[in-house]
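The chain contents come next:
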Amino acid sequence: MDEKQQMLRNQRAWDAQTGPHVESEFYDVASFKAGRNSLRPFEQEALGDVTGRSLLHLMCHFGQDTLSWARLGANVTGVDFSAESIAAATALAHDLSIDARFLQADVYELPGELDGAFDFVVMTYGTLMWLPDLDGWARAAAKCLRPGGTLFVADFHPIAVLFDDELALAKSYFRTEAAEREVKQTYAGEMDRPHIQTTWPWTVAKLVTALGRAGLQIKRLDELPLDLRQRHPAMQQGGDGFWHLPGDPIPLLLTCQAVKPEVS
């Protein structure tokens, strides 16, 4: 099975996950409809005031974070390869009377209408591992930015997935092979039926190199000792609402801001 077929299989899996995710306690759509902002403080700090600015959210799932940016004043477009996710995002925007556009598209085959149209391109949490080609993704994201625009990435740090439940090192940071596994339960709950999914490993160096090759300039790179959920039994939830390992020994999240140079 080649990478295109693997991505199509992943797409079907995400189609199947969308309904259960919308209904899950993890996403808590009811509180979101009541006004909850799903963005984390460091995300808002990274982008600053987005009022009147154009923002493209790649791999947006069913759009909670996209719509949160819209609530802060951004003119938002969300893109995901899952038709079910885009349908759910569109319905959620309609229910909340939020002006937002959602498009079904592969990040490697984005519509030409998005070229050079955005002040911000955002991609967050558990997205990079679904990409077999970081260089191709970085070029596509950079193409959508206006000169002076910013790409913001937040994701789970690649070091954090190397350890088993006992925090013993179980994988190599430098592994390169894709991983296939049957998934019966996602981070947000049970799936209706199991699916085979493929993910690809990446390193911080690969991310930074891909952004540089795409012509972007790294503005800031941060490694954070916190997680959005309890990934290991030893994690404890802190007063900040995030999950931490005792002593904060390793990075668990990574954020990166990269800027498209102004035209001289």
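Cut-offs and rules
- Residues numbered from 1 in each chain as written.
- Predicted model: local features only at pLDDT ≥ 70, side-chain atom pairs only at ≥ 80, totals over all residues.
- Heavy atoms only, no water.
- Phe/Tyr/Trp six-rings, centres within 6.5 Å; stacked < 30°, edge-to-face > 60°.
- Buried < 20%, exposed > 50% of the residue type's maximum accessible area, 1.4 Å probe, protein only.
- Lys NZ or Arg CZ within 6 Å of the ring centre and 35° of its normal.
- Axes fitted to C-alpha atoms, helices over the stretch in contact; angles between N-to-C directions.
- Helix = DSSP H or I, 4+ residues; strand = E, 2+ residues; numbered from the N terminus.
- Parallel < 35°, antiparallel > 145°, perpendicular 65-115°, else oblique.
- Left-handed = near helix turned anticlockwise from the far one by under 90°.
- Contact = heavy atoms within 4.5 Å.
- Nonpolar A, V, L, I, M, F, W, Y, C, P; charged D, E, K, R; others polar.
- Polar contact = N/O pair within 3.5 Å; in protein donor to acceptor, adjacent residues only side chain to side chain.
- Salt bridge = Lys/Arg side-chain N within 4 Å of Asp/Glu carboxyl O.

Novice: Please clarify how the packing of aromatic side chains should be interpreted in this entry.
Specialist: Aromatic rings in a pair are described by how distant their centres are and how their planes are angled relative to each other. Going through the model one piece at a time under the given rule, you end up with eight aromatic pairs. Between Tyr-173 and Phe-174, the ring centres sit 5.2 Å apart and the planes meet at 80°, which makes this aromatic pair edge-to-face. Residue Phe-174 is classed as exposed on the basis of its relative accessible area, which comes to 64%. Put simply, the rings of Phe-26, Tyr-27, Phe-62 and Tyr-187 touch in pairs and so form one group of aromatic residues. Over the aromatic face of Phe-32 sits the side chain of Arg-71, whose NZ or CZ is 4.3 Å from the ring centroid. One Lys or Arg, Arg-231, reaches over the ring of Phe-156 and ends 4.3 Å from the middle of that ring.

Novice: What am I meant to see in the packing of helix α6 (residues 134-144) against helix α7 (residues 204-213) here?
Specialist: Helices that pack against each other are described as a pair by the angle of their axes relative to one another and the distance between those axes. Contact pair α6 / α7: the axes reach a minimum separation of 8 Å and the direction vectors enclose 45°. Considering the angle they form, α6 stands oblique to α7. Considering only the axes of α6 and α7, their crossing is right-handed. Taking contact as the criterion, the partners of Leu-134, Asp-135, Trp-137 and Ala-138 in α6 are, on α7, Lys-206, Leu-207, Ala-210, Leu-211 and Arg-213. Each residue belonging to the contact of α6 with α7 can be placed in one class, and the counts come to six nonpolar, no polar and three charged.

Novice: Explain the side chain of Thr-186 here, please?
Specialist: Among the structural elements, Thr-186 can be located in strand β6 (residues 179-186). A distance of 2.8 Å separates a polar atom in the side chain of Thr-186 from a polar atom in the side chain of His-21. For Thr-186, the residues in contact, after removing those within four places along its chain, are Gln-17, His-21 and Met-191.

Novice: Looking at this structure, I do not really get the environment of Cys-144. What am I missing?
Specialist: With respect to the helices and strands, the residue Cys-144 is situated in helix α6. When the C-alpha atoms of Cys-144 and Leu-56 are compared, they prove to be 8.2 Å apart, with 88 residues separating the residues in sequence. Among residues more than four places away in sequence, those in contact with Cys-144 are Leu-56, Leu-110, Leu-114, Asp-115, Gly-116, Ala-117, Phe-118 and Val-121.

Novice: In this structure, what is going on with the packing of helix α4 (residues 64-71) against helix α5 (residues 83-96)? I would like to understand it.
Specialist: In the contact formed by α4 and α5, the axes pass within 10 Å of each other and the chain directions differ by 35°. In terms of crossing hand, the pair formed by α4 and α5 is right-handed. Judged by residue contacts, Gln-64, Leu-67 and Arg-71 of α4 engage Ala-89, Leu-92, Ala-93 and Leu-96 from α5. Of the residues that constitute the contact of α4 with α5, the class distribution is five nonpolar, one polar and one charged.

Novice: I tried to follow the side chain of Asp-119 on my own but got confused; where do I start?
Specialist: Structurally, Asp-119 is set in strand β4 (residues 118-124). Asp-119 sits in the buried class, given a relative accessible area of 14%. Residues in contact with Asp-119, not counting those within four places in the same chain, are Arg-53, Ser-54, Leu-145, Arg-146, Gly-149 and Thr-150.

Novice: Would you mind showing me how to read the pattern of salt bridges here?
Specialist: Two side chains bearing opposite charge may form a pair once their charged atoms approach each other closely. In total, this model carries 11 salt bridges according to the counting rule given. For the salt bridge of Lys-4 with Glu-109, the shortest nitrogen-to-oxygen distance reads 3.2 Å. Placement of Lys-4 in helix α1 (residues 3-22) and of Glu-109 in the loop between β3 (100-104) and β4 is noted, with a sequence separation of 105 residues between them. Residue Lys-4 is classed as partly exposed on the basis of its relative accessible area, which comes to 43%. In this structure, the salt-bridge partner of Asp-222 is Arg-220, at a minimum N-O distance of 2.5 Å. Linked through salt bridges whose partners overlap, the residues forming this network are Arg-53, Asp-119 and Arg-146.

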